[in-house]
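Residue-level structure breakdown
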Amino acid sequence: MKVGLTFLPTVGPSEEPAHNYYRSCLQLCETADALGFSHVRAVEHYFHEWGGYSPDPVLFLGAVAARTRRVRLVTGAVVPAFQHPVKLAASLSMLDNLSGGRLDAGFGRAFLPSEFEAFGVPMAESRARMQEGVAAVERLWREESFRWDGTFHRFGPLPRLLPVPVQQPGPPVFVAATVSEESFRWAGERGYHLMIIPVVARHERLVELLGIHRAAWQRAGHPGTARLHVSYQCYVAPDAAEARQRAEEHFEHYRSKQLAAYSAWRGVTSDQYPGYEQMEASARDTRFADLLAAGTAIAGDVDEVTEALRHVAKLYPDAEASLHIRYGDIGHDEALRSVTLLGTEVLPRLLAAELSAS
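Residues numbered from 1 in each chain as written. Predicted model: local features only at pLDDT ≥ 70, side-chain atom pairs only at ≥ 80, totals over all residues. Heavy atoms only, no water.

Examining the overall build of the chain
When you go through the chain residue by residue, the secondary structure sums to 12 helices and 11 strands. In terms of overall size, the chain behaves like a compact globule, its C-alpha atoms giving a radius of gyration of 20 Å where 358 residues would be expected to give roughly 21 Å. Taken along its principal axes, the extent of the C-alpha atoms in the chain is 60 × 50 × 40 Å. Taking all 358 residues of the chain together, 55% fall into the buried category. Residue pairs at least 24 apart in sequence account for 75% of intrachain contacts in the chain once pairs closer than 6 positions are excluded. When the accessible surface of the chain is summed, it comes to about 15,300 Å², and 53% of that surface belongs to carbon and sulfur atoms. Positive and negative side-chain charges in the chain, numbering 36 and 43 respectively, have mean positions lying 5 Å apart. (Helix = DSSP H or I, 4+ residues; strand = E, 2+ residues; numbered from the N terminus. Rg over C-alpha atoms; globule rule 2.2 N^0.38 Å. Buried < 20%, exposed > 50% of the residue type's maximum accessible area, 1.4 Å probe, protein only. Contact = heavy atoms within 4.5 Å. Areas by Shrake-Rupley, 256 points an atom, 1.4 Å probe, with all protein chains shown as cover. Lys, Arg positive; Asp, Glu negative; His and termini not counted. Charge placed at Lys NZ, Arg CZ, Asp CG, Glu CD.)

Take a look at the structure:
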């Protein structure tokens with residue numbers, strides 16, 4: 001199984017200056033690149049200390065590109081609803097060039113009411129804006145004399161967008177999907193890869209949704225099979241008991257930041273996001289022990305984490321695990337320890353098991 005890192009900051013200025021946080025994350029990315037991790041992924045969020053240090057994943061990944069040579073760079077995800085398609089297509093194409101063709105372009109709808117309000121975008125338009133935005137970006141990557149006459153943007157005819165992506169006809173496109181059948185079906189029809197978070201939906205439901213995506217992919221005649229990124233919080237330590245204890249302590253800090261962000265849903269409902277107004281209550285009732293028991297978080301010593309990732313590989317064959325290592329108030333040294341143990345101990349065991357199985 002391939003393993004990468006994902007970055008969703010849960011820190012604020014009173015705890016750590018942003019420049020220190022970024023320096024730490026870039027060092028973790030350099031280590032991950034040297035140790036054989038497959039990708040680095042970054043989110044787009046604003047304002048809240050849950051995600052707010054990551055308003056521009058393209059900029060962050062550009063810095064990662066300058067410090068690495070192997071890892072894929074994943075926008076996980078940028079939000080078309082908050083950007084003009086020309087600007088977004090050009091920024092992503094520039095990142096593809098800076099990285100020598102290592103970009104996986106991931107897109108998402110966003111879901112926090114406070115972010116939509118800040119950009120003056122109605123939440124009711126989120127799905128349509130994302131679908132239109134992704135379609136426009138793809139065409140901007142590959143067409144000359146391009147004209148767009150969409151619902152939300154109208155422009156052109158334009159000359160060929162520069163720079164042209166290294167990957168032709170464009171970087172692989174990923175879509176962040178959670179529980180909506182429509183999202184999984186649309187992604188399959190368009191030939192888009194997926195990014196999922198098992199903690200949001202039970203495994204049995206995710207299998208159904210992945211089946212919907214696969215069937216739509218095949219009906220549309222897309223070659224091969226879709227790629228899949230599966231996200232987990234992960235903590236590794238030499239001692240299993242220490243790992244679980246520290247992981248739980250950091251999760252409590254993570255959850256406090258998560259609850260503050262989710263409070264933006266108070267008094268808000270949306271047909272586009274059914275049930276999201278219950279997210280705060282659901283997160284408040286979630287305990288780390290429950291996540292471990294359900295297999296939607298990973299914590300332990302090298303043996304336990306290796307076995308957990310083998311289990312993930314069985315649940316989601318050919319998927320890449322995207323591990324959130326620096327969550328809650330985990331500092332640089334603890335995060336570096338997890339990355340180093342994963343790279344020097346866990347990844348070689350996973351590879352050896354795959355080679356012996358083949």
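Describing the packing of aromatic side chains
As enumerated under the stated definition, the model contains 23 aromatic pairs in all. For the ring pair Tyr46 and Phe47, a centre distance of 6.1 Å and an interplane angle of 45° mean the geometry is tilted. When its relative accessible area of 16% is taken as the criterion, Tyr46 is described as buried. When the ring of Phe251 is compared with that of Tyr254, the centres are 6.0 Å apart and the planes differ by 25°; the resulting orientation is stacked. Of this pair, Phe251 and Tyr254 both sit in helix H8 (residues 240-262), separated by 3 residues, roughly a single helical turn. Of the residues examined, Tyr254 reaches a relative accessible area of 8% and is grouped as buried. Each residue in the set Tyr46, Phe47, Trp50, Phe82, Phe111, Phe116, Phe119, Tyr262, Trp265, Tyr273 and Tyr276 is aromatic and connected to the rest through ring pairs, giving one cluster. Sitting over the face of the ring of Tyr273, Arg109 holds its NZ or CZ atom 4.4 Å from the ring centroid. (Phe/Tyr/Trp six-rings, centres within 6.5 Å; stacked < 30°, edge-to-face > 60°. Lys NZ or Arg CZ within 6 Å of the ring centre and 35° of its normal.)

With respect to the pattern of salt bridges
Where charged atoms from two side chains of opposite charge approach closely, those side chains can pair. If you walk through the whole model with that rule in mind, you get 24 salt bridges. Among the ionic pairs, Arg227 bridges to Glu320, the shortest N-O distance being 3.6 Å. Of this pair, Arg227 sits in the loop between helix H7 (203-219) and strand E9 (228-236) while Glu320 sits in strand E11 (residues 320-324), and the two are 93 residues apart along the sequence. Owing to a relative accessible area of 25%, Arg227 belongs among the partly exposed residues under this scheme. (Salt bridge = Lys/Arg side-chain N within 4 Å of Asp/Glu carboxyl O.)

Quick look at empty space enclosed by the protein
Taken as a whole, this structure holds 1 cavity of 30 Å³ or more when the rule is applied. In this model, the largest cavity occupies a volume close to 60 Å³. Pro80, Ala81, Gln83, His84, Pro85, Leu88, Arg129, Glu132, Gly133, Val137, Phe152 and His153 together form the lining of the largest cavity. Those elements that provide at least two residues to the lining of the largest cavity are helix H3 (85-98) and helix H5 (126-142). Top element by residues in the lining of the largest cavity is H5. It accounts for 4 residues. In terms of residue class, the lining of the largest cavity is made up of 6 nonpolar, 4 polar and 2 charged. (1 Å grid on protein atoms, 1.4 Å probe; cavity = no way out; pocket = protein on both sides within 12 Å on 5 of 7 lines; lining within 4 Å. Points joined across faces, edges and corners; volume = space filled by probe spheres on them. Nonpolar A, V, L, I, M, F, W, Y, C, P; charged D, E, K, R; others polar.)

Looking at the nonpolar core
Phe60, Leu309, Tyr316, Leu323 and Leu342 are the most contacted members of the largest nonpolar core, which has 110 residues in total. The residues touching Phe60, leaving out its near neighbours within four places in the chain, are Phe7, Cys25, Leu26, Cys29, Val40 and Ala42. (Core = buried A, V, L, I, M, F, W, Y, C linked by side-chain atoms within 4.5 Å.)

Concerning helix H2 (residues 57-67)
Restricting attention to buried positions, one finds in H2 the residues Pro57, Val58, Phe60, Leu61, Gly62, Val64 and Ala65. Looking at the buried positions of H2, the neighbouring elements they touch are strand E1 (2-7), helix H1 (18-34), strand E2 (39-42), strand E3 (72-75) and H3.

Describing the pairing of E1
With 5 of its 6 residues buried, E1 lies for the most part within the structure. Examined bridge by bridge, E1 and E11 share 5 bridges and lie parallel to one another. Opposite Leu5, over in E11, you have Leu323 as the bridge partner. This β-α-β element, E1 to H1 to E2, shows right-handed connectivity. (Pairing = 2+ DSSP bridges. Right-handed = clockwise from strand over helix to strand, strands pointing away.)

As for the environment of Arg72
Counting through the fold element by element, Arg72 comes out in strand E3. For the pair Arg72 and Ala201, spaced 129 residues apart in the sequence, the C-alpha separation amounts to 26 Å. Among all residues touching Arg72, those that are not within four sequence positions of it are Ser38, His39, Val40, Gly101, Arg102, Leu103, Asp104, Gln167 and Pro172. Here the side chain of Arg72 touches Gln167 through a polar contact of 3.0 Å, side chain to side chain. (Polar contact = N/O pair within 3.5 Å; in protein donor to acceptor, adjacent residues only side chain to side chain.)

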